[in-house]
Amino acid sequence: MSDYIVLVKQVPDISQITDNAFDPVSGTLIRSRLISVINELDVQALATANHMRDISGGDGKIICLTMGPPKAEEILRYSLSRCADEVVLLTDRALGGADTWATANPLAFAIRKIAKEILKNENDYYVLSGMQSVDGDTAQVPGQVAEELQIPCVAYVTDSKYKNGRFEFTRIISGGSEVAAVKSKPAVITVAKYEYPMFASFGRSRWAQHVNVIRWGTGDVRASSIGAKGSKTAVIRVFPPGKSSRKCEQVEDVGTLSKLITKCLGENGLKSAARIQDDGSYVLVKNRESLFDRRFEGLEKEIKDYALLVEKLQELGVGEPGDLDEYAKSKLIVESGKRFHKNTLEAMLEGFNLSEPTYNGEVWVVAEIIDGQVHPATYELIGKAKELAKSLEVEAGVLLLGNKIKDMTDPLIWAGADKVYIVENELLEQFDPVVYRKAVSDCIEKHWPQIVLFAATPQGRILAPMVSYRCGCGLTADCTRLDIKDSSRRGEIAILLQTRPALGGNVMATICTKNSKSQMATARPGVMKRLPEDKNRKGKVIRHEVNLSEDDVSLEIIESVKGNGEVSLDADIIVSGGKGMQNRDNYERLIGSLCKILEKNFEKRVEKGATRAAVEQGFAGRIRQVGQTGASVGPKLYVAVGISGAIQHMIGVANTETIVAINSDPHAPIFKQCDYYMVGSAEEILPKLVQSLELH
């Protein structure tokens, strides 16, 4: 009889975010102005736990655990009104300001305490959570909890069945799905989807209001990493995202849309500024003309402060920061309009004495292999790693893991790698998070690169958190920008600033690593730029041996299902259908007819795509899935039909030149993220669009 511990989280209602939610001066989000709700994927995890209990015929307990302020009790009572038997609130002011590391750590310690004191069973239980929360979107905490507890983790679960006395989980993998069972319990399960919502009865709702909520503080769980002090990353800046480069123009008639599509696909087609470009202009302090040159501070305010300070020092005739006496410092503070406080001035002056980078070592990319091929995102990251390494005057390395993979090293070198660290072992034939975590962390801990990059694919988003936790390093998820900058006043030179969207893309955050030997990040596929292949490049191949055994294997892979047929999502044009297509016949007939006319008229490669919802409804195979848990694409033209525009899907199409959207909902979010859109159903618009294109 298994028990279930469900991690739930209170999050801001991102659908209610308006300009009023931001501080007009700092640009930061004021969370108190947002309604708090339970994270939707955690609701689905709770329902999954109830489903698992039902299908296994057991009567195990379901206990919900959350970490947050006292008002988080609301979501625990919500959970009780559905199916939870007991609830635990981990609340303490000391927990405030925690990153994912300092969130996972106390949660894991609380789980141990629940297992020992409430369940009276330290082994036969599952920990369930949503695969990610809408406020952070990192997907890091479950994997880090699993790593702290040293237990298996099954990520991106969409279904569970009970067979032969054990659970079999269907989970999303790149390009398909997989059925797996854990080889030991306890285990962490992250839920990507459960379509059957739970409703509270009147009687159970009344009961939930009177159940005792167990409250623990930091002294009760005795975690090793608490709050901001125990965190491995720090937020440098939170700011609203820049205005979309998309046109967001509504088109009233099919004829006009047909002409716009024709124009987009012409030789002088429209160009979007979707791809993020970096100039890579950082210069190490030692190579600058003067130690006073602080042009590369991480924040614009810091650059301006240093420029003003240098100006005042020059006016005072100061040649060295150490030449300032107390009188001169006081005079400088006054003459700067008291822009500098005494402590700030001291820190900035001390910053002038810094020239050596805070971190040492190479810049690495952890490669990903899918179906015997290196994932395209790996090559994109190598391009970024080479750029960062050049600024730091170090080498770029790639860590390649698998079985019989030595023939894959040359293309990695041609793509920009100076070194390829190769780990070959039969147990690396299939991706098992625990086995891969052991191999990757072992190699990192031997060489200690200063930066380690992972692709934010389903594989990378579970592997990276486990590796970072094992190595004691901070991790930033789903980065869209990576820059080398200084923070001289904080004593940090040539650090990696990692910028990522949060709150469903409603805000952007710039983050830096702290208290770590390596800076780690996952980066969204399709955002970084692959370098042109150079077959004349030479590099080193370095073998690394890791002691792996069957005891390290955490999962039994029962079945792997990959999409059938020849599908090339690197096409020039992709026409994708969403849940709004209603059924498979509409998808095949309507999407197919538009693909055919586009291919005929423009002689370009055209492919059908689909959202995750459309795939799970059976409209298309998993191999056609576009989005965060599918493929990231960058065609010349992307036509989205019946697609609402959820952030998880739009992540995968961000690198598209022109996006055209067709949706019957006039308020569909995708209309704010595309170039041209029409309001209407697929059945109404697509046949007319095909007819109009036939006439051109």
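Bear in mind the structure is a predicted one, so any value in this text is a computation, not a measurement.

Draft legend 1. Spotlight on the overall build of the protein. On a plain count of helices and strands, the protein comes out with 18 helices and 31 strands. Since a compact globule built from 696 residues should have a radius of gyration of about 26 Å, the 26 Å found for the protein is in line with a globular shape. Here the C-alpha coordinates of the protein stretch approximately 80 × 70 × 55 Å along the principal axes. Buried positions account for 58% of the 696 residues belonging to the protein.

Draft legend 2. Summary view of the packing of aromatic side chains. One pass over the structure, following the stated rule, counts 13 aromatic pairs. A ring pair is formed by Tyr-126 and Phe-167, whose centres lie 5.5 Å apart and whose planes are at 85 degrees; its orientation type is edge-to-face. With Tyr-126 in strand 6 (residues 125–130) and Phe-167 in strand 8 (residues 166–173), this residue pair connects regions lying 41 residues apart in the sequence. Residue classification places Tyr-126 among the buried positions, given a relative accessible area of 4%. With relative accessibility at 4%, the residue Phe-167 sits in the buried group. Arranged with centres 4.2 Å apart and planes meeting at 15 degrees, the rings of Phe-671 and Tyr-677 form a pair that is stacked. For the residue pair Phe-671 and Tyr-677, the accessibility class agrees, reading buried in each case. In textbook terms, an aromatic cluster arises when at least three aromatic residues are bridged by ring pairs, as seen for Tyr-4, Tyr-126, Tyr-162, Phe-167 and Phe-169. When the ring centre of Phe-109 is taken as reference, the NZ or CZ atom of Arg-112 above it lies at 5.0 Å. Between the NZ or CZ atom of Arg-237 and the centre of the ring of Phe-239, over which it lies, the distance is 3.9 Å.

Draft legend 3. Spatial organisation of the sheet that holds strand 8. What the 10 strands build is an open sheet, ordered 11-5-4-1-6-10-7-8-9-26; its pairing is mixed. The two strands at the open ends of the sheet, each matched to only one other strand, are strand 11 (214–216) and strand 26 (555–562). When strand polarity is set aside, the average angle formed by the axes of neighbouring strands in this sheet is 30 degrees. The pairing of strand 1 (residues 3–7) with strand 4 (residues 62–67) spans four bridges and is classified as parallel. Counted as the bridge partner of Tyr-4 is Ile-62 from strand 4.

Draft legend 4. Representation of the environment of Glu-252. Structurally, Glu-252 can be placed in the loop between strand 13 (249–250) and helix 7 (254–264). Through-space distance from the C-alpha of Glu-252 to that of Val-179 is 46 Å; in sequence the pair is 73 residues apart.

Draft legend 5. The arrangement of the sheet that holds strand 29 (residues 637–641) in detail. With parallel pairing, the six strands of this open sheet are ordered in space as 13-31-30-29-27-28. Every other strand in the sheet has two partners, leaving strand 13 and strand 28 (606–610) as the edge strands with one partner each. Inspection of the sheet shows strand 29 paired to strand 30 (residues 658–663) by five bridges, in the parallel sense. Pairing of Val-641 across the sheet is with Ile-662, part of strand 30. The strands touched by helix 15 (residues 584–602) within the sheet are strand 27 (573–577), strand 28 and strand 29, with strand 28 carrying the most contacts at an inclination of about 150 degrees. Of the strands in this sheet, strand 29, strand 30 and strand 31 (676–679) are in contact with helix 18 (residues 682–694), which crosses strand 30 at around 130 degrees.

Draft legend 6. Empty space enclosed by the protein, seen in detail. A complete count under the given rule lists five cavities of 30 Å³ or more for this structure. Each pocket or cavity is described by its volume, and for the largest cavity that value is around 80 Å³. Taken together, 13 residues make up the lining of the largest cavity; nearest its centre are Ala-456, Thr-457, Pro-525, Gln-628 and Ser-632. Two domains each donate at least three residues to the lining of the largest cavity, and these are domain 2 (249–267 + 567–695) and domain 4 (358–548).

Draft legend 7. Structural view of the side chain of Ser-518. As for its position among the elements, Ser-518 is in the loop between strand 23 (507–513) and strand 24 (519–523). Of the polar contacts made by the side chain of Ser-518, one reaches the backbone oxygen of Pro-449; its length is 2.3 Å. Not counting the four nearest positions on each side in its chain, Ser-518 is found in contact with Tyr-359, Trp-448, Pro-449, Gln-450, Val-452, Cys-473, Gly-474 and Thr-513.

Draft legend 8. Structural view of helix 3 (residues 100–117). Compared with the 26 Å implied by 1.5 Å per residue over 18 residues, the 25 Å span of helix 3 between its first and last C-alpha is a close match. In terms of burial, helix 3 is largely enclosed, as 15 of its 18 residues are buried.

Draft legend 9. Just the confidence of the model for the protein, in detail. Chain-level pLDDT for the protein is 90 on average; 95% of the residues reach the 70-or-more range. Low confidence marks residues 267–278, where pLDDT is under 50. Its contacts with residues over four positions away, or in another chain, come to 36 contacts.

Draft legend 10. Seen up close, the domain arrangement of the protein. Per the domain assignment, the segments making up the protein are domain 1 (3–151 + 186–231), domain 2 (249–267 + 567–695), domain 3 (285–351) and domain 4 (358–548). Each of domain 1 and domain 3 was reduced to a C-alpha centroid, and the two centroids are 46 Å apart.

Draft legend 11. Spotlight on the packing of helix 15 against helix 18. For the pair helix 15 and helix 18, the least separation of the axes is 10 Å and the interaxial angle reads 20 degrees. With respect to helix 18, the axis of helix 15 lies roughly parallel. Here the hand of the crossing between helix 15 and helix 18 comes out left-handed. Side by side, helix 15 and helix 18 meet where Asn-586, Leu-590, Ile-591, Ser-593, Leu-594, Ile-597, Leu-598 and Asn-601 of the first sit next to Ala-682, Glu-683, Leu-686, Pro-687, Leu-689, Val-690, Leu-693 and Glu-694 of the second. A breakdown of the residues in the contact of helix 15 with helix 18 according to their chemical character gives 11 nonpolar, three polar and two charged.

Draft legend 12. Representation of the pattern of salt bridges within the structure. For the structure shown, the criterion picks out 40 salt bridges. We note a salt bridge from Lys-419 to Glu-362, for which the minimum N-O separation is 2.7 Å. You can see Lys-419 sitting in strand 18 (residues 419–424) and its partner Glu-362 sitting in the loop between helix 10 (342–351) and strand 14 (363–366), a full 57 residues away along the chain. Here the two residues Lys-419 and Glu-362 agree in accessibility, since each one is buried. A single salt-bridge network, built from bridges that share partners, covers Glu-326, Lys-329, Lys-342 and Glu-346.

Parameters and conventions
- Residues numbered from 1 in each chain as written.
- Predicted model: local features only at pLDDT ≥ 70, side-chain atom pairs only at ≥ 80, totals over all residues.
- Heavy atoms only, no water.
- Helix = DSSP H or I, 4+ residues; strand = E, 2+ residues; numbered from the N terminus.
- Rg over C-alpha atoms; globule rule 2.2 N^0.38 Å.
- Buried < 20%, exposed > 50% of the residue type's maximum accessible area, 1.4 Å probe, protein only.
- Phe/Tyr/Trp six-rings, centres within 6.5 Å; stacked < 30°, edge-to-face > 60°.
- Lys NZ or Arg CZ within 6 Å of the ring centre and 35° of its normal.
- Pairing = 2+ DSSP bridges.
- Axes fitted to C-alpha atoms, helices over the stretch in contact; angles between N-to-C directions.
- Contact = heavy atoms within 4.5 Å.
- 1 Å grid on protein atoms, 1.4 Å probe; cavity = no way out; pocket = protein on both sides within 12 Å on 5 of 7 lines; lining within 4 Å.
- Points joined across faces, edges and corners; volume = space filled by probe spheres on them.
- Domains from an automatic or database assignment.
- Polar contact = N/O pair within 3.5 Å; in protein donor to acceptor, adjacent residues only side chain to side chain.
- Expected span 1.5 Å × (residues − 1).
- pLDDT = per-residue confidence, 0-100.
- Parallel < 35°, antiparallel > 145°, perpendicular 65-115°, else oblique.
- Left-handed = near helix turned anticlockwise from the far one by under 90°.
- Nonpolar A, V, L, I, M, F, W, Y, C, P; charged D, E, K, R; others polar.
- Salt bridge = Lys/Arg side-chain N within 4 Å of Asp/Glu carboxyl O.

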